[in-house]
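If you want the building blocks of each chain, they are given just below.
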Amino acid sequence: MNVLILGSGGREHAFAYSLSKSPLLTNLFVAPGNAGTSNIATNVALNITDFEAVKVFVLENDIAMVLVGPEAPLVAGIYDFFIEDEQLVHVNVIGPSKQAAMLEGSKEFAKEFMERNKVPTAAYQSFTASSLKEGMSFIDSLKPPYVLKADGLAGGKGVLIIPNADEAKQSLEEMLVGGKFGAASNKVVIEEFLDGIEMSVFVMTDGKSYKILPTAKDYKRIGEGDTGLNTGGMGAVSPVPFAGEELMKKIEQQVIIPTIEGFKKEELVYKGFVFIGLMIVNNEPLVIEYNVRMGDPETEVVLPRLSSDLLAHLHAFKNEQLDKEVVTIDARAAVTVMCVSGGYPEAYENGMVITGIEEVTDSIIFHAGTIRQDDRIVTNGGRVLTVTSYGANFNEALKKSYHNTAKLHYDRMYYRKDIGFDL
Ligand code: AMP
Ligand code: GLY
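Reference entry: report on the structure contained in this document. What you see is a predicted model, and the numbers here were worked out from it, not measured in a lab.

Conventions and cut-offs
Residue numbers run consecutively from 1 along every chain, following the written order of its sequence. Just so you know, chain letters begin at A and ligand numbers begin at 1, following the order they were written in. Thresholds applied to this predicted model are a pLDDT of at least 70 for local features of residues and 80 or more for the giving and counting of side-chain atom pairs; totals over whole chains, interfaces and linings are not thresholded and use all residues. Where side-chain values are given, they derive from all heavy atoms of the structure, hydrogens and water being excluded. Labels follow the DSSP assignment, with helices taken as runs of H or I lasting at least four residues and strands as runs of E lasting at least two, numbered in each case from the N terminus. Every radius of gyration here is taken over C-alpha atoms, with the globule rule written as 2.2 Å times N^0.38, N being the number of residues. Only protein chains enter the accessibility calculation, which uses a 1.4 Å probe. A residue is then buried if its area is under 20% of the maximum for its type, exposed if over 50%, and partly exposed in between. Any pair of residues with heavy atoms lying within 4.5 Å of one another is described as a contacting pair. Note on areas: these come from Shrake-Rupley sampling with a 1.4 Å probe, and a residue is covered only by the protein chains present in the view. The cutoff for a nearby residue is simple: one of its non-hydrogen atoms must lie within 4 Å of the molecule or strand. Just so you know the grouping, Ala, Val, Leu, Ile, Met, Phe, Trp, Tyr, Cys and Pro go in nonpolar, Asp, Glu, Lys and Arg go in charged, and all remaining residues, Gly too, go in polar. By this definition, two strands are paired if DSSP reports at least two bridges between them. Here an angle of 0 to 180 degrees is reported between the N-to-C directions of two axes, which are lines fitted to C-alpha atoms, with helices fitted over the stretch in contact. The labels follow the angle: roughly parallel below 35 degrees, roughly antiparallel above 145, roughly perpendicular from 65 to 115, and oblique for the rest. Rotating anticlockwise by less than a right angle from the far helix to the near helix defines a left-handed crossing, while the corresponding clockwise rotation defines a right-handed one.

1. Quick notes on the overall build of the chain
For step 1, the next point in the chain: In terms of helices and strands, the chain carries 13 helices and 22 strands.
For step 2, the next point in the chain: The C-alpha atoms of the chain give 21 Å as radius of gyration, which agrees with the globular expectation for 423 residues (22 Å, within 12%).
For step 3, the next point in the chain: Across the 423 residues in the chain, those meeting the buried criterion constitute 58%.
For step 4, the next point in the chain: Relative to all contacts within the chain whose residues are 6 or more apart in sequence, the contacts with residues 24 or more apart total 69%.
For step 5, the next point in the chain: Within the structure as shown, the chain displays about 17300 Å² of accessible surface, and the carbon and sulfur contribution to it stands at 50%.

2. Some details on the site of ligand 1
For step 1, the next point in the chain: Close to ligand 1 lie 14 residues; Glu191, Glu192, Leu194, Glu198 and Glu289 are nearest.
For step 2, the next point in the chain: Within the complex, 89% of the 470 Å² of free accessible area of ligand 1 lies under protein.
For step 3, the next point in the chain: When residues of the shell around ligand 1 are traced back to their parent elements, those giving at least two are β7 (146-150), β8 (159-162) and β17 (284-291).
For step 4, the next point in the chain: The residue makeup of the shell around ligand 1, split by class, is seven nonpolar, no polar and seven charged.

3. Regarding the sheet that holds strand β12 (residues 217-218)
For step 1, the next point in the chain: Spatially, five strands are ordered β12-β15-β18-β22-β19 in an open sheet, and the strand pairing comes out antiparallel. In this open sheet, the two strands that pair with only one neighbour each are β12 and β19 (364-367).
For step 2, the next point in the chain: Bridge analysis of strand β18 (residues 333-340) against strand β22 (residues 383-391) gives eight bridges, and the strand direction is antiparallel. Bridging from a neighbouring strand, valine 335 pairs with serine 389 of β22.

4. Some details on helix α6 (residues 98-105)
For step 1, the next point in the chain: When α6 is considered as a whole, its buried residues turn out to be Ala100, Ala101, Leu103, Glu104 and Gly105.
For step 2, the next point in the chain: Check the buried side of α6 and you find it contacts α4 (72-75), β5 (92-96), α7 (107-116), α10 (245-265), β16 (270-281) and β17.

5. Structural notes on the environment of glycine 295
For step 1, the next point in the chain: Assignment of secondary structure puts glycine 295 in the loop between β17 and α11 (299-302).
For step 2, the next point in the chain: As for glycine 295 and serine 401, which are separated by 106 residues in sequence, their C-alpha atoms are 20 Å apart.
For step 3, the next point in the chain: Ignoring any residue separated from it by four or fewer positions in sequence, one finds glycine 295 in contact with Arg11, Phe202, Phe275 and Glu300.

6. Some details on the packing of helix α8 (residues 132-141) against helix α9 (residues 165-176)
For step 1, the next point in the chain: Packing of α8 against α9 leaves a shortest axis separation of 10 Å and a crossing angle of 155°. The angle between the axes of α8 and α9 places the two elements in the roughly antiparallel class. Crossing geometry of α8 relative to α9 is assigned as right-handed. Along its contact with α8, which presents Leu132, Gly135, Met136, Ile139 and Asp140, the element α9 presents Ala165, Ala168, Lys169, Leu172, Glu173 and Leu176.

7. Considering the pairing of strand β9 (residues 187-191)
For step 1, the next point in the chain: Of all five residues making up β9, four are buried, and the element is well covered by its neighbours.
For step 2, the next point in the chain: Examined bridge by bridge, strand β6 (residues 124-128) and β9 share five bridges and lie antiparallel to one another. What sits directly across from tyrosine 124, in β9, is glutamate 191.
For step 3, the next point in the chain: Here four bridges tie β7 to β9, and the two strands are oriented antiparallel to one another. Looking at β9, one finds that leucine 148 is bridged to isoleucine 190.

Structure representation (C-alpha cells):
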C-alpha cells in the first residue's frame, strides 16, 4: 500500500518511522517532510492545505492512505474533500471530518460537546464583543487566577492565565475588541481554573470502536522548572508514571467512552486520533482540551512504545474493523528531549549546520525543523531535532537522551535539561 503523510515535524518523522516498519507498506511519501523523513521516505514539495494539489499527487501515485499530521488541513476539511470526490472516495484519510475537527478549531464547540455528553471539564461561559460587559461580571464572579481562551486556532498561544481580575478584564477587552489573536479571539471562553497535574491520553478511533494508546506528559514552557514562554513542546515522557490502573479506568469510563459515544450520537464522522488534554484534580480527570490529531512531541514517545503494526491498525479504519486489531505496547518507558533554535519561541535564525547525528546509536533522533542542503543538514525551524530513548523507567531513558543530546551540535542550540523534573 502507498501512504502519504502530511506535515513536516518530529511527529511526522515518528509516523514515518512507525509505518516504515510495516510489511503492508509499499511506498511512503511525506509532504513536505524534513531531512529525517527523506532518509526513510520520499519527500514531496506540496502545500498541504492546497487540496487540489494533494489530489493530483494522490491520483498520480496511487495513494491508498493519507495520514494527516497537523490540525490545519483537518480544520480546513481535508476529510470531507476526499469523501465528496468520486476519484478520491476510496482513499483512507486518517483524521476527523471538518465538523468533528471543530473540537480543536473552536473551544466553545468543544465545551458544548463536553457539556452535552457529560464529559467532565471546567465550568465556563463564552463571550463576544457585544457581551463584553457580561464577560467582565463573569470574571468578578470567579476566583483567581482567570483562564481566558481564544475560541479559534491561535497556534497554541490563545490561552491566557491571569492572576488578577483587572488584568483579566483588560485582556478580555484586548481579545474581543482589540483583535489580540485576530479572528480567533472574536469569541472568548472564560473558564474556572483547575489546580492539578496535567497529562494526555491518546485514542485512535474508526468511528465505531476505539483503542487507547500510551499516555504522555509534555513540557510546554521554554525554561527549566516550567518557566517562560509557551512552545510547541520541549520534551515528553511516556507512560505518565502517576497514571495507574485505577486512574486509567476512570479516564476510560468518564472521558473516553462518553467522547466516542458522543461522536456517534452527534454523527460527528471521526476516523483518526483523539488527543485528550487532562487535568487530574484530586484523582479525578477533567478535560482541558481536545486536539483532533496526535501531539508533537508526544508522538515521538507514544509511537515508539507501540509494538504492533500501526499501518495495519490504520488500514482497518476504512471498513470500521479497528475492533479486530490487537494493539500491543512496549513495557519500557520512552522519553524525548527537544533541541530548539536559539531565540525560539521568539525570533530565531535558520540555516545552522547540524553535526553529531551519526554519532548517536542508542537513541532515535526524530527531525523536526531540518533540511538537507547539498551534503549537509541545516536547521529549518524553531524545533530542530528530538532525541527519543527507551529505558526500564523514565529516569533511565532520560539519562540516555541527555548523554546523546550532548553529542549534537549547531549554533545557538538549546534544550531543557530538566524534562521529567516534576514526576
Ligand atoms: P490549551 O491550549 O487548551 O492546551 O491550554 C494551554 C495550557 O493552559 C494547558 O496546557 C494548561 O496548562 C493551561 N490550562 C488550560 N485550561 C486550564 C484550566 N481550566 N485550568 C488550569 N489550567 C488550564
Ligand atoms: N505538544 C502539544 C501539542 O501537540 O499540541
